[in-house]
Amino acid sequence: VFRTEDGRSAVIAGDQGMLVITSSYNHYADFVETLLRPCLMALSESVTPGPLLIRRYGLRYIDRVLPENDETPEQYISESLRHDLSDSIPGSMGEMMGLSLLRCRMSEGYLDVRCFTGLGRPPLPSDLIPSPVIDDRPSGINDIKPDHRTAVIDTDRFIDISEGLDIQIAVKRYQRLHDDISSTFKATVTKHALKMWGCGNSESKPTKRRKK
């Protein structure tokens, strides 16, 4: 595991491949130029006979939802993922947790969406714990009250493939994965969420989300 000095980005080289992880950037282009492309170049240059065989490209976002004190996660999440069914259950005293799972077949590869709601500080998915980077995003996450309902949207876009590593082609593939995730995110949250997070039609990451 190789971490940046500020602890917000890391590169993991292991038997499952190379993982580039970050909890902080303003635009996807920043991530590409400061982390992704340099890591791909270093990987390519490390094996001079090359090219390296790529078996999978993947891009994953972990987005945490911190509603205001008088709001619920369901005001931010699409009806297709909402977990407020308990409102219709006789005798229910309110929701405590919920889980939604979806896998889409894409023209190339797949896209997974996992959404879970719960009480208190929204956790990272279990396969990302312990976190190799500082886990304090979005701002205010450590001040969440233990009885406040929050949510996590986990979007994973990947392509299984067999091809030699070409950095330019790889960057283009990641751009496509990113575009698919961006479109998916806007389809899984409400207009209220986009307005509160200042998303609009831009690529800027909203202040209440955390990218990993």
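Residues numbered from 1 in each chain as written. Predicted model: local features only at pLDDT ≥ 70, side-chain atom pairs only at ≥ 80, totals over all residues. Heavy atoms only, no water.

1. A short note on the environment of Asp-160
Line of reasoning, step 1. Tracing the chain through its elements places Asp-160 in strand S7 (residues 149-164).
Line of reasoning, step 2. Distance from Asp-160 to Gly-109, taken between C-alpha atoms, is 6.2 Å for residues 51 residues apart in sequence.
Line of reasoning, step 3. In this structure Asp-160 touches Arg-55 and Arg-56, once residues within four positions along its chain are discounted.
Line of reasoning, step 4. Within polar-contact distance, the side chain of Asp-160 engages the side chain of Arg-56 at 2.7 Å. (Helix = DSSP H or I, 4+ residues; strand = E, 2+ residues; numbered from the N terminus. Contact = heavy atoms within 4.5 Å. Polar contact = N/O pair within 3.5 Å; in protein donor to acceptor, adjacent residues only side chain to side chain.)

2. Re the sheet that holds strand S1 (residues 2-3)
Line of reasoning, step 1. The antiparallel open sheet is built from 3 strands, whose spatial order is S1-S2-S3. For this open sheet the edge positions go to S1 and strand S3 (17-22), each flanked by a neighbour on one side alone.
Line of reasoning, step 2. Relative to strand S2 (residues 9-14), S1 is paired through 2 bridges, and the arrangement is antiparallel. Opposite Arg-3, over in S2, you have Ala-10 as the bridge partner.
Line of reasoning, step 3. Across the face of the sheet, helix H1 (residues 28-46) comes into contact with S2 and S3 while running at roughly 160° to S3. (Pairing = 2+ DSSP bridges. Axes fitted to C-alpha atoms, helices over the stretch in contact; angles between N-to-C directions.)

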